[in-house]
Amino acid sequence: MTPRLAAGALAGMVAGLLLALPGVARAEVSPVRIVILVDESGSLSAVDLQAEKAAAASIAVGELSARSEIAVIGFGSANQAGQSPLDPVCDLTELADDTARQYLLNCIGDLRRRETQEGNDTDYVTAISQALSIMDRRTDGVERRNVVFLLTDGKLDVRNSPSWGSVPDQRTANADRELTETLLPRAVAGRTQIWALGFGAVDPVALQRVTSGAYQTACNSRPESKPQVTIIGDSADVPDALQRMFAAARCAADVSTSTHALGTGATVDLTVEIPPISTDGAITVVKRDPRIRVDFLDPEGRQVPKTGEFNGSVFNITGERGTVETLQIKDPQPGKWTVRVTSGPDIPEKDVQAIALWQGALRIASLLDPPLPGAGDRAVARVRLLGRNGMVIDGDTAKDLNVRAQLTGDGFTTVNLALRDDGRQPDATAGDGQYAGYVTIPRTATGSLTLRGTAAAAGVVGDSVPYYARVATGSQRIAAHIQVDQDTVPPGGSITGTVTAESTLTRPVALRLSLFLDNPGIGATIDLSPHQLPAGGTTEFGFTVRIPAGTALGPMSGTIRLTDASAPPASTGPPPTSTASPIPTTAAEVYAETYLGVEIGYPPTLWERYWWEFLIAALAVAAGAAYLVTARLRTRAAARDVQGLTLFLTGPDGEISRLRAPAVPAGEFPFVVRDDPPRLDRPRSTDAIYLARRTGSSLTVATPDGKHLVLRPDEEIPLAPDFSLAYSETRLHEFQRDAFRD
């Protein structure tokens, strides 16, 4: 399929063009407004109440967005003058900082079991009415989804409440009518979901009417994300059940839980799992005694700090001195986490529980190829998934995702598309995180086109960035194609490619390229003067994308676009994949567009790519010669292997930090030097990295600014005024023994 576009005007010059995609580079968890309604009726036991408190606290400290708001209301009944059915223990609070979360933990502790003189029946209708009033408030301009959680151990019972009528036997029916005829329609109008958790002698049918009668539109297309009723038999399961309900309501993952008895003076390890697609996580520990100590170990067995950064993740603790403690994690390491819980000699045996909640906040970028198809043409819809910092989510990470797209526009009804990432046409490469599918532009299409991708899976929320295009008119068009040659490029290197274009126009057109990067902070540039496309002719030209020296290793993604060079430069505004409004009429005509996805790294050497072929050829000549060659090459490769290296960061008072090379064969050891506190660490994609390589009996350290330092055994080299670098060798020299043995 070739792009077809209306012709642009002539001339124009461009030297280098770089844009970062606003709104695509970083994906964030969307905020919610939550009201938790907690039963305080007289039928509760002390154990029931503690379970409700723990459940409410786990949401307060486990919510993933700092822009979310939470209120907590206890409810009973008003059976006589001076009583109120409501106990608003926690005002609506934005989770902006630790102080706000700690406030919620403290006020949740004020929930209580009501006595007869306080009004201790079950009036959840008035509680729902108050929750809807809270949802009507608009404290700021932040868009939040409204969610109510109702916790109750009994049926609606307002027989003793005069406010519901003068005839006691009619009061419960009056309250139910108010709920059905007034409050639930109000919830629908206010886009407020209601989820119900019942334990004890509840009425499941009545609770189902509450949840199904409120707002039903969910945060994604999964049935599990629509409001539901959960009924459990034991209040001890309330915290876990509410966490699962909470996860479904905000389209976070099904929670991973672990429960164990903790004896006096004992230590137990609980394990929870966080998958690779997660961008935000929270591990909540229900301790049931504030004196119990909790430590968190990442999947590699390293104890992580409770605040600050470590190994590419950001940590923050809440409730450390309470009965519920939560570790919030930005960019958590995937895998099994260990929660180490330790009791004291005077603490009675308790059941402790760890609950992991996570969410993958993705941006979904779309592209239509060609950008300006004609009515009736077959085009290709392409969608890619971007995680935090614009990193492309690969196929292994996204294997459970259902990725689709919708095409809307003037003159036709919505077209729904199924997309694939399996390497079958029109998808180019299986498992690369770029999904594709064919779409035929309806023959009735007359004007604008909008392509929007979607992704649905447990724990995944996609912020879809629409792609705007329009239907081509007339028979004179330009067909163009952009081909990118490399998939791996080293820092300081370049990516090459080719543009081919063919025109049926009666006048020449000047063409130019633009580069839009998903990854913020990468200073790649494309340097190309305009190229002339002759009237009714063809052209082919090459281009180069230059990568700055010192660019951190890792994936780089973006879009390369071919446009009319006579229109205003693309730098005057964002590309259509990053804006929520159609392309301005002054924007350049887009003749071709392609995704750019490369790995910033060091391509394999000729030997690394073809060593097996070399070996076969050598064997064909002489088995003995092949044996000697193989042994020698093994010796050289082992001599370059950085396994067993340990780097040391030292200061005036001695060692500050150490970092061991990964226990896998590698020819280089990347690392970074961080401050606050000073330490050696493994690099992230946006870091300026150092590279250590073996050179004989010494190391060569390449610095981010392009210098090469020689580090010899038992010596130190300065990295900064107060810091030096040294190394030690802890590996056994197997390659030397192999050489002697051979």
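Per chain, residue numbering runs from 1 following the sequence as it is written. Two thresholds apply to this predicted model, a pLDDT of at least 70 for residue-level local features and 80 or more for giving and counting side-chain atom pairs, whereas whole-chain, interface and lining totals are computed over all residues. Values shown for side chains rest on all heavy atoms present in the structure; no hydrogens or waters enter the calculation.

### Some thoughts on the overall build of the chain
Move 1: Helix and strand labels come from DSSP, where a helix needs a run of H or I of at least four residues and a strand needs a run of E of at least two; each type is numbered from the N terminus. For the chain, the count of helices and strands is nine helices and 41 strands.
Move 2: Summary of the burial criterion: residues with accessible area below 20% of their type's maximum are buried, those above 50% are exposed, and those between are partly exposed, where the area comes from a 1.4 Å probe applied to protein chains only. Burial analysis of the chain (742 residues in total) assigns 51% to the buried set.
Move 3: Any two residues having at least one pair of non-hydrogen atoms within 4.5 Å are treated as being in contact. Sequence-distant contacts in the chain: of pairs separated by 6 or more residues, those separated by 24 or more amount to 72%.

### Description of the pattern of salt bridges
Move 1: We define a salt bridge as a contact between a side-chain nitrogen of Lys or Arg and a carboxyl oxygen of Asp or Glu at a distance within 4 Å. Throughout the structure, instances matching the rule amount to 30 salt bridges.
Move 2: Among the salt bridges present, the one from Lys 306 reaches Glu 320, with a minimum N-O distance of 3.1 Å. Highlighted residues: Lys 306 in the loop between β11 (293-297) and β12 (307-310) and Glu 320 in the loop between β13 (313-318) and β14 (324-330), separated in sequence by 14 residues.
Move 3: On the basis of relative accessibility, which here comes to 17%, the residue Lys 306 falls in the buried class.
Move 4: Three or more residues joined by partner-sharing salt bridges are found here, namely Arg 33, Glu 69, Glu 94 and Arg 144.

### Some details on the sheet that holds β11
Move 1: Two strands form a pair only when DSSP identifies at least two bridges running between them. With antiparallel pairing, three strands are arranged side by side in an open sheet as β9-β15-β11. Here the strands that pair on one side only, and so sit at the sheet edges, are β9 (267-274) and β11. With strand direction ignored, the average angle separating the axes of adjacent strands in the sheet is 25°.
Move 2: As judged from the eight bridges shared by β9 and strand β15 (residues 335-342), these two strands associate in the antiparallel manner. Looking at β15, one finds that Ile 274 is bridged to Gly 335. Only the stretch in contact is used when fitting a helix axis, every axis being a line fitted to C-alpha atoms; angles between N-to-C directions are given from 0 to 180 degrees.

### Quick notes on the packing of aromatic side chains
One pair of aromatic rings is described through two measures. These are the centre distance and the angle between the planes.
Move 1: The rule is short: rings of Phe, Tyr and Trp, with Trp giving its six-membered ring, pair when the centres are within 6.5 Å, and they are stacked under 30 degrees, edge-to-face over 60, tilted in between. One pass over the full model with this rule turns up four aromatic pairs.
Move 2: Taken together, Phe 669, Phe 671 and Tyr 690 form an aromatic cluster joined through their ring pairs.
Move 3: Whether a charge sits over a ring depends on NZ of Lys or CZ of Arg being within 6 Å of the ring centre and within 35 degrees of the ring normal. Looking at Arg 378, its charged tip hangs above the ring of Tyr 438, at a distance of 3.7 Å from the centre.

### As for the environment of Ala 501
Move 1: Following the sequence through the fold, Ala 501 ends up in strand β26 (residues 494-503).
Move 2: It is 9.1 Å that separates the C-alpha atoms of Ala 501 and Ala 592, two residues lying 91 residues apart in sequence.

### Details of unusual backbone geometry
Move 1: Looking along the chain, the bond that leaves Asp 369 and enters Pro 370 is cis, with omega of 5°.
Move 2: Residue position: Pro 370 is located in the loop between β16 (350-369) and β17 (378-386).
Move 3: That bond from Gln 425 to Pro 426 is cis: its omega, 10°, falls within 30 degrees of zero.
Move 4: Positionally, Pro 426 belongs in the loop between β19 (415-418) and β20 (434-440).
Move 5: In the Ramachandran plot, Arg 191 falls in the positive-phi region, its phi being about 55° despite a non-glycine side chain.
Move 6: Of note, Asp 331 is a non-glycine position whose phi angle comes to about 55°, a positive value.
Move 7: Turning to its location among the elements, Asp 331 is positioned in the loop between β14 and β15.
Move 8: Classification of Asp 331 as partly exposed rests on a relative accessible area of 23%.

### As for the state of the cysteines
Move 1: The definition used for a disulfide is geometric: two cysteine sulfur atoms within 2.5 Å. Applying the stated criterion to the full structure yields one disulfide.
Move 2: Note that Cys 90 is cross-linked by a disulfide to Cys 107, the S-S spacing being 1.9 Å. Note on the Cys 90 and Cys 107 pair: the S-S dihedral is about 115°, so by sign convention the disulfide is right-handed. Here the residue Cys 90 occupies a position in strand β4 (residues 86-94), and Cys 107 occupies one in helix α2 (residues 98-108), the gap between them amounting to 17 residues.

### Here's the deal with the nonpolar core
Move 1: Grouped together as the largest cluster of nonpolar side chains are 50 residues, with contacts concentrated most on Ile 283, Phe 296, Val 339, Val 341 and Leu 385.
Move 2: In terms of residues, this core owes the most to one element, β16, which gives eight residues.
Move 3: Take the buried residues of types Ala, Val, Leu, Ile, Met, Phe, Trp, Tyr and Cys, join any two whose side-chain atoms come within 4.5 Å, and each joined set is a nonpolar core. Within the second largest apolar cluster, 47 residues are counted, among which are Val 29, Ala 51, Leu 151 and Leu 197.

### Structural notes on the sheet that holds strand β35 (residues 669-674)
Move 1: Across the sheet, which stays open at both edges, the five strands sit in the order β36-β35-β37-β38-β39 with antiparallel pairing between neighbours. Each edge of the open sheet carries a strand with a single partner, namely β36 (679-681) and β39 (708-711). Across this sheet, the average inter-strand angle for adjacent strands is 30°, counted without regard to direction.
Move 2: The pairing of strand β38 (residues 698-702) with β39 spans four bridges and is classified as antiparallel. Considered in β39, the bridge of Ala 702 is made with His 708.

### With respect to helix α5 (residues 204-213)
Move 1: For α5, the set of buried residues is Ala 206, Leu 207, Val 210 and Thr 211. Projected onto a plane normal to the axis of α5, the buried residues spread over an arc of 135° and lie on a single side.
Move 2: Here the buried face of α5 lies against α3 (124-135), β5 (145-152), α4 (168-189), β6 (192-199) and β7 (229-232).
Move 3: Residues adjacent in sequence count toward polar contacts only when both atoms are side-chain atoms; beyond that, a polar contact is any pair of N or O atoms within 3.5 Å, and within protein one must be able to donate a hydrogen and the other to accept it. Regarding α5, its N-cap is Asp 203, as a side-chain oxygen of that residue lies 3.2 Å from the backbone nitrogen of Val 205 further along. Working definition: the arc comes from the directions between the helix axis and the C-beta atoms, pointing outward to the latter.

### Here we look at the confidence of the model for the chain
Move 1: Confidence per residue, as judged by the predictor, is encoded in pLDDT with a range of 0 to 100. The share of residues in the chain with pLDDT of 70 or more is 82%, and the mean pLDDT across the chain is 80.
Move 2: Segment residues 1-26: pLDDT under 50, and 111 contacts once partners within four positions in sequence are set aside and those in other chains are kept.
Move 3: Note on residues 569-587: pLDDT under 50 across the span, and 39 contacts to partners over four residues away in sequence or across chains.

### A word on the packing of α4 against α5
Axes are the key here: two packed helices are described by the angle between their axes and the distance separating the axes.
Move 1: Running from N to C, α4 and α5 point in directions that differ by 30°, and their axes come no closer than 9 Å. The angle between α4 and α5 places the two elements in the roughly parallel class. Residue-level contacts link Asp 176, Leu 179, Thr 180, Leu 184 and Val 188 of α4 to Arg 209, Val 210 and Gly 213 of α5.
Move 2: Residues were grouped as follows: Ala, Val, Leu, Ile, Met, Phe, Trp, Tyr, Cys and Pro as nonpolar; Asp, Glu, Lys and Arg as charged; and all remaining residues, including Gly, as polar. Residue classes in the contact of α4 with α5 are distributed as four nonpolar, two polar and two charged. Under this scheme an angle from 65 to 115 degrees is roughly perpendicular, one under 35 degrees roughly parallel, and one over 145 degrees roughly antiparallel; angles in between are oblique.

### Observations regarding α3
Move 1: Here, expected helix span is obtained from the residue count minus one, scaled by 1.5 Å. Taking 1.5 Å per residue as the helical rise, α3 with its twelve residues ought to reach 16 Å, and the 16 Å between its terminal C-alpha atoms agrees with that figure.
Move 2: Along α3, the positions that sit buried rather than exposed are Tyr 124, Val 125, Ala 127, Ile 128, Ala 131, Leu 132, Ile 134 and Met 135.
Move 3: For α3, the N-terminal capping position is held by Asp 123, with its side-chain oxygen 3.4 Å away from the main-chain nitrogen of Val 125.

### Comments concerning the pairing of β35
Move 1: In this structure, β35 lies alongside strand β37 (residues 690-695), joined through three bridges in antiparallel fashion. Bridge pairing in β37 places Phe 671 opposite Tyr 690.
Move 2: In the sheet, β35 pairs with β36 via three bridges, with the strands oriented antiparallel. Looking at β36, one finds that Val 673 is bridged to Leu 680.
Move 3: Linking β35 to β36, which pair antiparallel, is a turn of four residues; within it Asp 676 sits at a positive phi near 55°.

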